[in-house]
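# Survey of secondary and tertiary structure
Single-letter residue listing:
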Amino acid sequence: MEAEPTDDERPAAVVPCVPADRLDLSPLVARLRKKEVPRHRVSWVYFLGGLSLFFFLVQVASGILLLLYYRPTPEAAFDSIEFLMARVQFGWLVRSVHAWSANLMVASVSVHMFSVFFTRAYARPRDLTWWTGIALLALTLAFGFSGYLLPWDTLAFFATRVGTDMVSKVPLVGGWLLRFLRGGEDVSGTTLTRFFAFHVAILPLFTFFLVGLHLLLVQRHGLHLPLAMKDEAASRPGIRFLPDFARRELIVWLAGLAMLAALSTYFPWGLGERADPFAPSPAGIRPEWYFLFFFETLKHIPARVAGVEGELLGIAGFAAAGVLWSLAPVFDRAARRGERSRLATGVGLLVLGFFVVMTILALRGSAAP
Amino acid sequence: MIGLAPLPVLWVLALVAAPAAQPPKAAQETCRPCHSKLGGRKAKPALDFPGDVHDQPGLGCAGCHGGDPTATVRYLAMNREKGFRKLKEPAEALEVCGGCHADVAFMKRYAPNLSTDQRAKLLASRHASQYALGDREAPVCTSCHGAHGIFSPRDPRSTVHPNRVAELCARCHAHPEKPGAVELYAGSVHQAALAKGNLSSAGCPSCHGSHGAYTPRAESVGTTCGKCHPLNLELFRASAHRGPLEGKDPGACGPCHASHATTRSSDAQVSVAAGGICGSCHNRVDDWARQSARGMAAAIAATTLNIRGAEGEVAKVRARGMIMVDADAALQEARQEFVQARGLIHGVNLSAIEERTAAADAAARRALDAASSASSELTYRRRGLWGVLSIILVAIAGLVTQIRRSEGRR
C-alpha cells in the first residue's frame, strides 16, 4: 500500500485555501507562464476580446442583482425598476451599470469583430473561432433587444412593437415568427414574459456555452499575428501571458470599470414614462444605437422595388450581407495562404463606413426638430 | 297659431302610420340603381344614401318615400296610390321622421338606446314656434340632419357631430355684420377645447338643447353651467354672490365668465385692479369685499410662485438623472390642492381658500426638500466616484510598476 504524501511532498497550491492535491492547477499555470503574446504596435487589439468578456461578466453580476427586485409583469415591471432606482441603496448604480455595460459590451464586441476582420485573424485554423464570435455578437444584440423591453416604458414598448413587426415581413413563416416573439398578435404581457425568459435564461445558456468554446479555441490556436506585424514581432520579445499580459488585461478591465462607474454616476440610465399600450405611438421612437444603421437604411429604401416590398428587400439584403460577412474565412483565400488582400480590406472599410454613416444619419435625423 | 294647427294632426297621423313602417330591405330595391343613372340632382339622393345611418340596418328609400321599391318601372315604383311621396315640404319631415323616431316599439328594433321624445321636444322648441309663426326658414329635422346622408352624431361626418354643430347653428344664427353668440362662441374656451379633441366640451346644444332648443333665461344660466361644473355651482350657491347675481341678467355665471365668449379663467382675473373682474362690481373704495379679493389674489399668487419654484428645482435635478418619485408625488398633491383652492373662488370664502393654498404650499415645500436631498445625493455620488476612481488609478499604477519590474528583469 502506497504511503500518503507528506505536506512537503504535496504540490504548492495555486488557488489559495484549496490544497493542490485536490485541485492541481500547476500544469495550467506552467503552460500560461510559458505562453507568449506577440508584441507589436497593434498589440492592443488582443485586449478587446478580454474587455468584451469583462463587460459580459459585469452584465451577469449586475443582472443577478437586478433579478432580486425586477418583476416581469406589465403591471409591476415599471414600478419595480422605479422602486429599485429610487428607494434601494445603490439600486440606481446597479441598473445604470447594467445598462451602460450592455452598450459598452456591444461596442467592444463590434470593435473586436472589425479588428479580427482587418487583421485577417479569421483565417483557417481560426475560422471556427470567428464563427463562434459572430454567434456571440448575434447573442449580444439579442440580449440588447430583449432587455430593452423589460423596463416596460413607453419608448421600449413602441420600439419593440416596431422591431418585432419586422419579422412579420419574412415570407411564409413571418406570421408565425411574429407570434412566437410576441406570444400573441401584439406586444403585451406575454411578450414581456417571453423576452424576460430569453434575456435571463435562454440567451445566457447559449452565451456561456459559446464563450467557453470561443475561449477554448483562442487558447488552442493562440493569438493571431497580423501579416504586417510579423517583422516587428520577430524583432521584439513577446509578452509573457502570465503574469505580464494578464496584468495588462487587468489594467484594461480596471479602465473599463472606471469608465462604467463614471458613466453610471454622471449619466445615470433614465426611465421614461410607464408604457400605455392604448396610447398612440409617441414621436421619436428609435431603437438602441446599434440598430440605428438598420432602421436608417430601411427608411431610404422605396416602398416597392421592382414589385417587391421595400422593407422585405431591405431585411433580406441585411440577412444576405450578414451571411456573406460571416463566411469571410471561406471567401478570403488569400488570408488562408497568408497573403495580403486589398479586396477584403476594401469590403471591411465599406461595411464599417456604411455602419458609421447610417448611424450618424439616424442620430442627426432623430435630433432634428 | 295657424301654422301650429296641423302639427298635432300630423303627430297623430304619424303615430298611426308608424306600425306600418316595415320598409323592404335595400337589397331588393330598384330605386338606387335607377336614380344613380339619372345624374345631377336626381342622382344625389342615391349617391348620398349609402352609409347613411338608415341604410346600415337595411331601411331603404321606401321607408320614407313609400311607393313600390321592387317595381322596375317608374310609374309603378313612384305610384302615389302605393303611398309614394316626394317629401319636398319641410313640414313633411316632422311626419316622416317622427313616424318612426317617436314610435317606441319601432325604435326598439333598430336603435333601442335612442330617445323617442325628440319629436315632442322639437314641437315644444323655439324652432317649432318660429315655424308655427310662419317662419318657413325655421329648422325641421332635415335642416340639421340632412336627408340622405345622415350619420350618427358620434360620426365626424355628421352635421351634428360636436365638432361641427357650431358651424351648423351658425348657418342661421351667424351675424357677421354684428357679432353675436355664434361669433363670440368661436373665440371661447369651450370651442378651443372642442377643437383640441375634447368632445365633451360645451357646444351650442349643450346649453341650448338640440331638439328642444330654447334660450336659457337668466334664472336658468347657473343650472345650465352647473350641468358640467356642478361643484362650482354648489360653491357659488353657498356664497355671498348668489343673492345679488342668480336670476338676474346676465345670469349666475355671466358677470365673471360671460355667456358665449367664455374665456380661459386666469388668476389675474381675481383682482380689484385694472384687468381684474372683482373690481368691476366692487368698485367703491370702502367696499369690504375688495380686501377679501386682495387676500384671495395674494394667496393664489404666492402659491403659484411656490409651485413653479418647486417644479423648476425638481426639473433641474431630474435633468441630472435623478428619479424624482417623492418629489413628483408632492408636486402632484400641491397641484391638486391648488386646483381646489382656485375652485373655491366660486365660494368667495377667503379662509377656505387660504386653507387650501397653505396645503398646496406645504406640498410644494416637500417637493423642494426632495429636490434638495436628491441634489445632495448627486454630490455624494460624485464624490464617491472620485474616491473609487482614485483607488482604480492606484491599482493601475501598481500594476504598471509590476509589469515594468517584471519585464525589466527579463
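Scroll up for the structure.
Residues numbered from 1 in each chain as written. Chains lettered and ligands numbered in written order. Predicted model: local features only at pLDDT ≥ 70, side-chain atom pairs only at ≥ 80, totals over all residues. Heavy atoms only, no water.

Below, the discussion takes up the overall build of chain B. Along chain B, the regular secondary structure elements total 22 helices and zero strands. Expected size for 410 residues packed as a compact globule is a radius of gyration near 22 Å; at 34 Å, chain B overshoots this value by more than 25%. Once the C-alpha set of chain B is aligned to its principal axes, its extents read approximately 120 × 85 × 40 Å. Expressed as a percentage of its 410 residues, the buried residues of chain B come to 35%. Counting only carbon and sulfur atoms, one obtains 60% of the accessible surface of chain B, whose full area is about 23900 Å². Averaged over its 49 positive side-chain charges, chain B has a centre that lies 6 Å from the centre of its 36 negative ones. (Helix = DSSP H or I, 4+ residues; strand = E, 2+ residues; numbered from the N terminus. Rg over C-alpha atoms; globule rule 2.2 N^0.38 Å. Buried < 20%, exposed > 50% of the residue type's maximum accessible area, 1.4 Å probe, protein only. Areas by Shrake-Rupley, 256 points an atom, 1.4 Å probe, with all protein chains shown as cover. Lys, Arg positive; Asp, Glu negative; His and termini not counted. Charge placed at Lys NZ, Arg CZ, Asp CG, Glu CD.)

Moving on, we come to the interface of chain B and chain A. If you look at the interface, chain B gives 22 residues, while chain A gives 27 residues. Carbon and sulfur atoms supply 64% of the area buried between chain B and chain A, which totals about 2200 Å² over both sides. A salt bridge links B:Glu407 to A:Arg248; its shortest N-O distance comes to 2.8 Å. Linking chain B with chain A are seven residue pairs in polar contact (both at pLDDT 80 or more). Of all the secondary-structure elements, those providing two or more residues to the side of chain B that touches chain A are helix H21 (325-343) and helix H22 (350-409) of chain B. Per element, the largest residue contribution to the side of chain B that touches chain A is 16 residues, and it comes from H22(B). (Contact = heavy atoms within 4.5 Å. Buried area = accessible area lost by both parts, 1.4 Å probe. Salt bridge = Lys/Arg side-chain N within 4 Å of Asp/Glu carboxyl O. Polar contact = N/O pair within 3.5 Å; in protein donor to acceptor, adjacent residues only side chain to side chain.)

This part is about helix H6 (residues 154-167) of chain A. Residue and element names in this part refer to chain A. Along H6, 10 of the 14 residues are buried, which leaves the element largely enclosed by surrounding structure. Thr154, Ala156, Phe157, Phe158, Ala159, Thr160, Gly163, Thr164, Met166 and Val167 are the residues of H6 that are buried. Next to the buried residues of H6 lie helix H5 (127-149), helix H7 (174-182), helix H8 (189-221), helix H11 (292-300) and helix H12 (310-326).

Here we come to the packing of aromatic side chains. Taken as a whole and assessed by the stated rule, the structure comprises 31 aromatic pairs over all chains. The interplanar angle of 10 degrees and the centroid separation of 4.9 Å between the aromatic rings of A:Phe47 and A:Phe245 together place this pair among those described as stacked. Within this pair, whereas A:Phe47 is found in helix H2 (residues 46-67), its partner A:Phe245 is found in helix H10 (residues 241-266), the two being separated by 198 residues in sequence. A:Phe245 carries the same exposure label as A:Phe47, and that label is buried. Connected via pairs of aromatic rings, a cluster forms that spans A:Phe145, A:Trp176, A:Phe180, A:Phe195, A:Phe198, A:Trp289, A:Tyr290 and A:Phe291. The aromatic ring of A:Phe241 is capped on one face by A:Lys35, whose charged end is 4.8 Å from the ring centroid. Lying over the aromatic face of B:Tyr131, B:Arg136 brings its terminal NZ or CZ to 4.5 Å of the ring centre. (Phe/Tyr/Trp six-rings, centres within 6.5 Å; stacked < 30°, edge-to-face > 60°. Lys NZ or Arg CZ within 6 Å of the ring centre and 35° of its normal.)

With that out of the way, let us pick up the packing of H10(A) against H22(B). Geometry of a packed helix pair, given as the angle between the helix axes and the separation of the axes. Look at H10(A) against H22(B): their axes get within 10 Å of each other, and the N-to-C directions meet at 170 degrees. Considering their axes alone, H10(A) and H22(B) lie roughly antiparallel with respect to each other. For the crossing formed where H10(A) meets H22(B), the hand is left-handed. (Axes fitted to C-alpha atoms, helices over the stretch in contact; angles between N-to-C directions. Parallel < 35°, antiparallel > 145°, perpendicular 65-115°, else oblique. Left-handed = near helix turned anticlockwise from the far one by under 90°.)

The subject of this paragraph is the packing of helix H20 (residues 288-319) of chain B against H21(B). Residue and element names in this part refer to chain B. One can describe the packing of H20 onto H21 by two numbers: an axis separation of 11 Å at closest approach and a directional angle of 160 degrees. The angle between the axes of H20 and H21 places the two elements in the roughly antiparallel class. In terms of crossing hand, the pair formed by H20 and H21 is left-handed. Where H20 abuts H21, its residues Ile300, Thr303, Thr304, Ile307, Ala310, Glu311, Val314 and Arg318 lie against Ala327, Asp328, Leu331, Ala334, Arg335, Phe338 and Arg342. Considered class by class, the residues forming the contact of H20 with H21 number eight nonpolar, two polar and five charged. (Nonpolar A, V, L, I, M, F, W, Y, C, P; charged D, E, K, R; others polar.)

Now for the nonpolar core. Core analysis: the biggest nonpolar cluster contains 29 residues, and B:Val314, B:Val317, B:Met322, B:Met324, B:Phe338, B:Ile345 and B:Ala367 have the highest contact counts within it. Elements supplying a minimum of two residues to this core: H20, H21 and H22 of chain B. If one sorts the elements of this core by residue count, H22(B) sits on top with nine residues. Other than its neighbours up to four places away in sequence, B:Met324 contacts B:Val314, B:Val317, B:Arg318, B:Ala370, B:Ala371 and B:Ala374. Residues A:Ala77, A:Leu139, A:Leu149 and A:Val167 belong to the second largest nonpolar core, which totals 27 residues. (Core = buried A, V, L, I, M, F, W, Y, C linked by side-chain atoms within 4.5 Å.)

The grouping of A:Leu128, A:Trp131, A:Leu324, A:Val330 and A:Phe331 at the surface amounts to a nonpolar patch, some 470 Å² of accessible area in total. Within the secondary structure, A:Leu324 sits in helix H12. (Patch = residues over 30% accessible without salt bridge, like charges linked within 9 Å, V, L, I, M, F, W, Y side chains within 5 Å.)

Before going further, it helps to spend a moment on the environment of B:Thr224. Residue and element names in this part refer to chain B. Note that threonine 224 resides in helix H15 (residues 221-226). Looking at threonine 224, the relative accessible area reads 14%, which means it is buried. For the pair threonine 224 and histidine 208, spaced 16 residues apart in the sequence, the C-alpha separation amounts to 8.6 Å. The residues contacting threonine 224, other than those within four sequence positions of it, are Cys207 and Pro216.

By the criterion of burial, H11(A) is predominantly enclosed, with seven of the nine residues buried. Listed as buried for H11(A) are A:Leu292, A:Phe293, A:Phe294, A:Phe295, A:Glu296, A:Thr297 and A:Leu298.

It is worth spelling out the pattern of salt bridges at this point. With the rule as written, the count across this model stands at 32 salt bridges over all chains. Between A:Glu339 and A:Arg337 there is a salt bridge, with its nearest N and O atoms 3.3 Å apart. Given a relative accessible area of 54%, A:Arg337 falls into the exposed group. Put simply, B:Asp48 and B:Lys44 hold a salt bridge, and the shortest N to O gap is 2.6 Å. Of the two residues, B:Asp48 and B:Lys44 both sit in helix H3 (residues 40-48), four residues apart, roughly one turn of that helix. For B:Asp48, a relative accessible area of 30% translates into the label partly exposed. Judged by relative accessible area, which is 48%, B:Lys44 ranks as partly exposed.

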